[in-house]
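Listed here are the chains, written in short residue letters.
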Amino acid sequence: MNPVVQEFQRAELSCIISNTKTANPRIEWKKIGSKETTYVYFNNKMQGDWINRAQLHSRTSLIIFNVTRADKGLYRCEVAAHEDPRIGAELNINLTVHVKPVTPKCRVPQSVPVGKSATLYCQEKEGFPEPTYNWYRNGESLPLDSKSSSKFQNSSFKVDTKTGLLVFTEVQKGDSGSYSCRAMNAVGDAWCEEMEMEVYDLNIAAIVGGILVVTGVLSLITVGICCAYRKGLFVNNKQNGNSYKTPSKPDGVNYIHTDEEGDFRHKSSFVI
C-alpha cells in the first residue's frame, strides 16, 4: 500500500511479515533517493532526522509523525531472520505528501490603453500536486474564454489554468476593475491580493497637437540660429596681442628701428 497524506499529518508505512521462529528478526528501513540511500531504521534504532518523529509499529511497520514535504519519496523495508531462511524479503513503499498552496505571486498592469494587449500573471511553486488557477474580477469568477459567456462577449481574454496566465488580446473599457487569482489543489487553496487595472482612452488629438507644438518650437529655434549666424553674432571678434598687424607702409618709405627712438621714416632723398 502506497500512502497519500497531507503535510504535517501522520503517515504509516506498513511492512508485514509472516510468522517466524526468530524472536527478533532483523528489520531495516531505508529511504531510496536518486543520488543516495539513507537509513531510517537501522541496528534496532531510528536514525538521523527520524529519531524524534518516527517509530516502529507492530514490529516492522514505520510510522512518521508530522510529515513534511521533504519526507515524500520511496522507502524500502528489509526483513531477515537468520534462524528461518524462509524469512527474507524487501518491500518498496512510495509515500506521497500533499502540500497546500501558499499565497501566489501575481502581476497586474496598473493601466493599459484601449485596444492594446495585456497579460496578467499568477504563479505558486509550493503546492503539491501542482495547483490550477482561476482569475476573478471584482470578486466574480472569469470564464476560461470570454467568448464562452454572453456576459463577456465584449471582451477578448483567455485563462490558462495550468500556467496562471490571463491574456487579453485587446482590452476594452469594461475590462477595468480589481483582479485577484486563486491557486488550488486537492489539499486547499490560496489567493493573492486584489490589484487594480485601469483601461484608458488614447487622446489622439492631444498627442497630435503635442507633436505639432514640439515641431513648431524646434523650427523657431532653427530659424533663430540661422539668423544669428548671418548677422555674425557667433563670430569671435576678440584679438590677442599676437594678432596685432603693423600698419602698411607707404611706397618709397623705409623704416629704420633703433632701441632709443623706435621706428622713424627714412626717405630716399635724405643724405647724411
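Being a predicted model, the structure only gives us computed values, none of them experimental.

A. Representation of the overall build of the chain within the structure. Along its length, the chain carries one helix and 21 strands. The burial tally for the chain puts 31% of its 272 residues in the buried class. Sequence separation of 24 or more characterises 58% of the internal contacts of the chain that already satisfy a separation of 6 or more.

B. Highlighting the pattern of salt bridges. Under the criterion given, the structure shown has eleven salt bridges. The closest approach of N and O atoms between Arg69 and Glu126, which form a salt bridge, is 2.5 Å. Placement of the pair is Arg69 in the loop between strand S7 (61–64) and strand S8 (73–80) and Glu126 in the loop between strand S12 (118–123) and strand S13 (132–137), with a sequence separation of 57 residues. Classification of Arg69 as partly exposed rests on a relative accessible area of 32%. Residues joined in a network through salt bridges with shared partners are Glu7, Arg69 and Glu126.

C. Structural detail: the environment of Asp71. Mapped onto the fold, Asp71 is located in the loop between S7 and S8. Distance from Asp71 to Val97, taken between C-alpha atoms, is 7.4 Å for residues 26 residues apart in sequence. Ignoring anything within four residues of it in the chain, the contact list for Asp71 reads Lys31, Trp50, Arg53, Ile64, Asn66, Leu95 and Val97. Polar side-chain contacts of Asp71 include one of 2.6 Å to the side chain of Arg53.

D. Local environment of the state of the cysteines. Counted according to the given criterion, the structure contains three disulfides. Two residues, Cys15 and Cys77, share a disulfide whose sulfurs are 1.9 Å apart. Measuring the twist about the S-S bond at about -70°, one finds the Cys15-Cys77 disulfide to be left-handed. With Cys15 in the loop between strand S2 (11–13) and strand S3 (26–32) and Cys77 in strand S8, this pair connects stretches of sequence that are 62 residues apart.

E. Spotlight on unusual backbone geometry. With an omega of 0°, the peptide bond between Phe128 and Pro129 qualifies as cis. Tracing the chain through its elements places Pro129 in the loop between S12 and S13. Non-glycine residue Phe8 carries a positive phi angle of around 75°. Among the secondary structure elements, Phe8 is positioned in the loop between strand S1 (4–6) and S2.

F. Structural detail: the packing of aromatic side chains. This structure, assessed with the given rule, holds five aromatic pairs. Centroid distance Phe152 to Phe157: 5.7 Å. Interplanar angle 80°. Geometry classified as edge-to-face. The two residues Phe152 and Phe157 agree in class, both being buried. Measuring from ring centre to ring centre gives 6.2 Å for Phe168 and Tyr179, while their planes differ by 90°; the resulting arrangement is edge-to-face. With Phe168 in strand S16 (residues 166–168) and Tyr179 in strand S17 (residues 177–184), this pair connects stretches of sequence that are eleven residues apart. Note on accessibility: Phe168 and Tyr179 belong to one class, buried. Each residue in the set Phe152, Phe157, Phe168 and Tyr179 is aromatic and connected to the rest through ring pairs, giving one cluster. One cation-aromatic arrangement involves Lys72 over Phe128; the distance from NZ or CZ to the ring centre is 4.3 Å. Just above the ring of Tyr121 sits the side chain of Arg107; from NZ or CZ to the centre is 4.2 Å.

G. Structural detail: the side chain of Ser146. Within the secondary structure, Ser146 is located in the loop between strand S14 (140–141) and strand S15 (157–159). If we ignore the near neighbours within four places in the chain, the residues touching Ser146 are Phe152, Gln153, Ser155, Ser156 and Phe157.

H. Summary view of the sheet that holds S7. Strand order in this open sheet of three strands is S2-S7-S6, and the pairing throughout is antiparallel. Whereas interior strands pair on both sides, the edge strands pair on one side only; in this sheet they are S2 and strand S6 (54–57). Each strand axis lies, on average, 25° off the axis of its neighbour in the sheet, ignoring direction. As judged from the four bridges shared by S6 and S7, these two strands associate in the antiparallel manner. When the sheet's bridge partners are listed, Leu56 is paired in S7 with Leu62.

I. Geometry of the confidence of the model for the chain. Summing up the model confidence of the chain, the mean pLDDT is 82 and the portion of residues at 70 or higher is 73%. For the stretch residues 262–272, pLDDT sits under 50, and the model shows 15 contacts to residues farther than four places along the chain or on other chains.

The rules behind each value
- Residues numbered from 1 in each chain as written.
- Predicted model: local features only at pLDDT ≥ 70, side-chain atom pairs only at ≥ 80, totals over all residues.
- Heavy atoms only, no water.
- Helix = DSSP H or I, 4+ residues; strand = E, 2+ residues; numbered from the N terminus.
- Buried < 20%, exposed > 50% of the residue type's maximum accessible area, 1.4 Å probe, protein only.
- Contact = heavy atoms within 4.5 Å.
- Salt bridge = Lys/Arg side-chain N within 4 Å of Asp/Glu carboxyl O.
- Polar contact = N/O pair within 3.5 Å; in protein donor to acceptor, adjacent residues only side chain to side chain.
- Disulfide = S-S within 2.5 Å.
- Phe/Tyr/Trp six-rings, centres within 6.5 Å; stacked < 30°, edge-to-face > 60°.
- Lys NZ or Arg CZ within 6 Å of the ring centre and 35° of its normal.
- Pairing = 2+ DSSP bridges.
- Axes fitted to C-alpha atoms, helices over the stretch in contact; angles between N-to-C directions.
- pLDDT = per-residue confidence, 0-100.

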